[in-house]
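Survey of secondary and tertiary structure
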Amino acid sequence: MAQSTKSAKLMIDGKEIDLPIYSPTAGPDVIDIRKLYAQAGVFTYDPGFTSTASCDSTITFIDGGKGELLHRGYPIDQLAGKSHYLEVCYLLLYGELPSAAQLETFELNITHHTMLHEQMVNFFRGFRRDAHPMAIMVGVVGAMSAFYHDSTDISDEHQREVASHRLIAKMPTIAAWAYKYSIGQPFVYPRNDLDYASNFLRMCFSVPAEDYEVNPILSRAMDRIFTLHADHEQNASTSTVRLASSSGANPFACIAAGIACLWGPAHGGANQACLEMLKEIGTPDRIPEFIARAKDKDDPYRLMGFGHRVYKNHDPRATVMKQSADEVLELLGVENNPVLQVAKELEAAALADPYFADKKLFPNVDFYSGIILEAMGFPTSMFTPVFAVARTVGWISQWKEQLSDPQHKIGRPRQLYLGETTRDYTDIEMR
Ligand code: SDX
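Quick caveat, the model's predicted, so the values are computed rather than measured.

Describing the site of the ligand
As a matter of local geometry, the ligand sits amid 24 residues, with His232, Arg302, His308, Arg317 and Arg391 nearest to it. Notes on the ligand: free accessible area 1,000 Å², of which the protein chains cover 77%. Looking at the shell around the ligand residue by residue, the class counts come to 10 nonpolar, seven polar and seven charged.

Structural data, given as structure tokens:
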């Protein structure tokens, strides 16, 4: 925990309260209000936690003003360009880039845990064929706690490690099988001779009737999508995992809670919502109509894939993702894809519009990831499951960090109560 070098003075009803201020290694100072209620009898009020730090962390840092994202200090554009997803997983989990030997051991361990307990196949078959893959993922990941009892004791460091590796390893299989089930095709088992991204693409797109060769450009783009979505400070789904974990829930239940939260269109569901928006716009001549709706204060409509709570400059992930999008679309010969044409013209129109510039609403990571996934052949319903696969390592890293924090306690926010004060029950005859 940072040491306090100065304090903030708060005057309430003539009483002065001293609140310690901690200075981080990067980012704004924080005021420690933990003793505020005891000293002054008041709560703070911050719906949506726009100005509230819920924890201290050493994993990821975002400078929204500069459009900078660091994982353990390494800029995301360098990791996306020079590293690969499983190496970034190691970095997030253990704090340092691995040696060659450490990386080999880690990758071998993940690769050899990609299969699911065979009985879990029955869970998939319990869903209707038209079940959203995110519903299946929430259910199956939560059910892992019923199959992997030897890695649910959160007080046991070794069990925490095993659960971490199982979740990272099995999430692609669960997501791919959710997809296969939804299209009525047989499950494809993982292969130990393929890298993480190639394994996922093969499990999604190969069929027993013919051989399937993973295209290295698509595999690299898939790995980059995983890397760009790996972790992102205390976003809604990570905060959900931390809050679930604070009660002592097992790791599979906590990650299932994170998947459920990620599903929302304001968060991880934005990539699906963005593609559906682009398809609804349909042709570039309809873009002004949608931009007008997004700007209309009386219309709750928002441009999906634009804006971010933290980034008030560009989203550095979107910059890298855009490069990948161009590579994939050129490879697949779909640069004239009508959806992409709408995307490119919508981006240009929004960035030229003062409303978006003034409110710092730039394309975020979800704007481009959906375009790549669409080009790869994923249905929009699979966009958020891909995000969930990638973010599992971030959830797990933050979960481990919280459990190793001696200060951690159950999360229990207070409220500003505006309801009825005490009143007596009235019998029904009197109502
Ligand atoms: C992710 O937190 C993370 O780190 C998330 C994430 C991660 O990696 O975990 O980065 C992943 O969730 C990316 C964001 C994906 N969501 C979308 O693309 C959905 C569309 N975007 C918006 O819903 C919105 O921008 C949010 C939810 C992303 C951020 O909302 P905030 O920070 O709460 O901002 P706000 O709602 O207070 O909006 C500020 C203003 C408002 O106008 P005023 O009330 O001030 O007049 O900007 C407007 C909003 O109406 N606005 C938009 C807009 N987003 C905000 N107007 C039109 N279109 C939009 N997309």
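The structure having been displayed, the exposition proceeds.
Overview of the side chain of His229
Relative to the helices and strands, His229 is located in the loop between helix H9 (216-228) and helix H10 (236-246). Aside from chain neighbours lying at most four places away, what touches His229 is Met321, Val365, Asp366, Ser369, Phe387, Ala390 and Arg391.

Notes on the sheet that holds strand S1 (residues 4-12)
The antiparallel open sheet is built from three strands, whose spatial order is S1-S2-S3. A single partner strand is all that each edge strand has here, and the edge strands are S1 and strand S3 (30-31). Strand direction decides the pairing type here: S1 and strand S2 (residues 15-22), joined by eight bridges, are antiparallel. When the bridges of S2 are listed, Ala8 appears paired with Leu19.

Examining the packing of aromatic side chains
Under the definition given, this model contains 22 aromatic pairs. On the basis of an interplanar angle of 65° and a centroid distance of 5.1 Å, the ring pair of Phe306 and Phe367 is categorised as edge-to-face. Of this pair, Phe306 sits in the loop between helix H13 (287-295) and helix H14 (316-331) while Phe367 is found in helix H17 (residues 365-376), placing the two residues 61 residues apart along the sequence. The exposure class of Phe306 is buried, given its relative accessible area of 11%. Overall, the relative accessible area of 0% leaves Phe367 in the buried class. Taken together, the ring pairs connect Tyr85, Tyr179, Tyr196, Phe200, Phe205, Phe226 and Phe378 into an aromatic cluster. Seen from the ring of Tyr181, Arg129 lies directly overhead, with NZ or CZ sitting 4.1 Å from the centre. One residue, Arg414, lies across the ring of Tyr37, its end atom 5.7 Å from the ring centre.

Observations regarding empty space enclosed by the protein
All chains considered together, the criterion is met by three cavities of 30 Å³ or more. In this model, the largest cavity occupies a volume close to 60 Å³. Lining the largest cavity are Lys322, Ala325, Asp326, Leu329, Leu340, Ala343, Lys344, Glu347, Phe367, Tyr368 and Ile371. Looking at the lining of the largest cavity, the elements with two or more residues in it are H14, helix H15 (338-351) and H17. Residue composition of the lining of the largest cavity, by class: seven nonpolar, no polar and four charged.

Rules and cut-offs
Residues numbered from 1 in each chain as written. Predicted model: local features only at pLDDT ≥ 70, side-chain atom pairs only at ≥ 80, totals over all residues. Heavy atoms only, no water. Near = heavy atom within 4 Å. Areas by Shrake-Rupley, 256 points an atom, 1.4 Å probe, with all protein chains shown as cover. Nonpolar A, V, L, I, M, F, W, Y, C, P; charged D, E, K, R; others polar. Helix = DSSP H or I, 4+ residues; strand = E, 2+ residues; numbered from the N terminus. Contact = heavy atoms within 4.5 Å. Pairing = 2+ DSSP bridges. Phe/Tyr/Trp six-rings, centres within 6.5 Å; stacked < 30°, edge-to-face > 60°. Buried < 20%, exposed > 50% of the residue type's maximum accessible area, 1.4 Å probe, protein only. Lys NZ or Arg CZ within 6 Å of the ring centre and 35° of its normal. 1 Å grid on protein atoms, 1.4 Å probe; cavity = no way out; pocket = protein on both sides within 12 Å on 5 of 7 lines; lining within 4 Å. Points joined across faces, edges and corners; volume = space filled by probe spheres on them.

As far as function goes, none of this settles anything; it's purely spatial.
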